[in-house]
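Given next are the chains, with one letter for each unit.
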Amino acid sequence: MHDLKEKKIELEDIPGVGPKLADKLREMGFSDPMSIAVASPSELASILEIGEVTATKIINKTRDMLEIGFTSADKVWEQRQKIGKITTGSKALDDLLGGGVETQAITEAYGAFGSGKTQIGFQLSLNVQLPPEKGGLNGNCLFIDTEATFRPDRVLQMAKSMGLDPDKALKNIYVARAYDSDHEIFLIDKAGEMIKEKNIRLVIIDSLTSHFRADYVGRGELAPRQQKLNKLLHNLQRLADSQNVAIFVTNQVLTNPAILFGDPTMPIGGHVLAHQSTYRVYLRKSSGEKRIARMMDSPNLPPGECVFKITPDGIRDV
Ligand code: ADP
Ligand code: MG
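As a starting point, this report considers the structure included with it. Residue positions are given per chain, counting from 1 as you read along its sequence in written order. Chain letters and ligand numbers both follow the written order, the letters beginning at A and the numbers at 1. Side-chain atom pairs in this predicted model are given and counted only at pLDDT of 80 or more, local residue features only at pLDDT of at least 70, and totals for whole chains, interfaces and linings cover all residues. Derived side-chain values reflect all non-hydrogen atoms in the structure, with water molecules and hydrogen atoms excluded from consideration.

**Observations concerning the pairing of strand β3 (residues 105-111)**
Line of reasoning, step 1. Burial analysis of β3 places seven of its seven residues in the buried class, the great majority of the element.
Line of reasoning, step 2. Taking every second residue as pointing to the same face, both faces of β3 are buried, with Ala105, Thr107, Ala109 and Gly111 on one and Ile106, Glu108 and Tyr110 on the other.
Line of reasoning, step 3. When DSSP locates at least two bridges between a pair of strands, those strands are taken to pair. Segments assigned H or I by DSSP are reported as helices when at least four residues long, segments assigned E as strands when at least two residues long, and all are numbered from the N terminus. Pairing analysis gives seven bridges linking β3 to strand β7 (residues 246-252), with the strands arranged parallel. Its bridge partner being in β7, Ala109 is matched across the sheet by Thr250.
Line of reasoning, step 4. Inspection of the sheet shows β3 paired to strand β8 (residues 279-285) by five bridges, in the parallel sense. By the bridge assignment for β8, Glu108 is matched with Arg280. Each residue is assigned to one of three classes by its accessible area relative to the maximum for its type, calculated with a 1.4 Å probe on protein chains only: buried under 20%, partly exposed between the two thresholds, exposed over 50%.

**Observations concerning helix α7 (residues 117-127)**
Line of reasoning, step 1. Of all eleven residues in α7, ten are buried, a share of seventy percent or more.
Line of reasoning, step 2. Of all the positions in α7, only Lys117, Thr118, Ile120, Gly121, Phe122, Gln123, Leu124, Ser125, Leu126 and Asn127 are classed as buried.

**Remarks on the site of ligand 1**
Line of reasoning, step 1. Being near a molecule or strand, for a residue, means having at least one of its heavy atoms within 4 Å of it. Around ligand 1 lies a shell of 14 residues, among which Gly114, Lys117, Thr118, Gln119 and Gln157 are the nearest.
Line of reasoning, step 2. The contact in question runs from an oxygen atom of ligand 1 to an N or O atom on the backbone of Gly114, over 2.7 Å.
Line of reasoning, step 3. Polar contacts, as used here, are pairs of N or O atoms within 3.5 Å; protein pairs need one atom able to donate a hydrogen and one able to accept it. Residues neighboring in sequence count only if both atoms are side-chain atoms. The contact in question runs from a nitrogen atom of ligand 1 to an N or O atom on the side chain of Arg154, over 3.3 Å.
Line of reasoning, step 4. Where accessible areas are quoted, they stem from the Shrake-Rupley method and a 1.4 Å probe; at the residue level, only the protein chains shown are allowed to cover. Here ligand 1 has 580 Å² of accessible area as a free molecule, and 69% of this is covered by the chains.
Line of reasoning, step 5. Looking at the shell around ligand 1, the elements with two or more residues in it are α7, α8 (152-161) and β10 (304-311).

**So, the environment of Met158**
Line of reasoning, step 1. Mapping Met158 onto the fold places it in helix α8.
Line of reasoning, step 2. Put simply, Met158 and Asp313 are 155 residues apart on the chain and 5.0 Å apart in space, counted from C-alpha to C-alpha.
Line of reasoning, step 3. Here Met158 is in contact with Gln119, Phe122, Gln123, Leu126, Asp313 and Gly314, once residues within four sequence places are set aside. Contact definition: two residues touch when any of their heavy atoms are within 4.5 Å.

Below, the structure written as structure tokens:
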């Protein structure tokens, strides 16, 4: 993590990057100098079709211009002090997550259809608007909907039960529909600008993986799919760190018993997501309104399980 004192510098200002390379960089999703500063020389070299020595020079120049490099531990500590947490609506689920959904991190919820991934997203899009003493961040939400399952009427129902001004609550959620994986990548690139302008503290991508599954089918497509997802997750982590926002992504898994090989509940995106997401929570149905959440992977939290429920009012404790 860096001390992110970002100066206003254009890609063209970086020595060695002319207008032509700048265009190419933007095309590949490197929209600002910070994205160059944290890129690897080999990544940059292959994208720009230049040598690694030249790529390293460009990266170092960018770091100089942005005045980033080694950061003293107290600065890292200072940055971590700024981490905010958003309540899920269930104390049990918050505890499982170490206090709620965190900024500067990616939280991934994966599970079968109907396990509650989208409902948690809806609840978070409202809870982020609450003041800190009520478990929010006084911020707004950016909701990227890839499955056409965003339901304002359902969000409204939850907002009313919280006593929020329904009009205001809906206005504070910026929704974009992503039509395919490229469009999804484009929208996530755009998110950077939106975050500053609209006081966004939470970015939801529901789901992160469905378009990738649809657009990259067959064995030969597996590597390109993972590469794209990997890069996207890098960008998301960068966004989470540099803008101090929470990222909540969902990932649908199959529970089709007809699948004979491998673990049918293996999340799409497989190990790529496993490495990148800071927190991974596996959701499954229990009886009635009840859902079980299990913490699968976290850098600082113990594995564990909890039960919560999905009520007409929203996500609640059992
Ligand atoms: P997914 O994991 O596929 O995104 P959802 O988050 O959409 O699943 O969860 C759907 C479930 O949420 C439904 O099966 C239902 O149990 C519950 N649910 C949805 N809307 C309501 C509501 N208005 N009142 C109570 N429960 C609801
Ligand atoms: Mg869903």
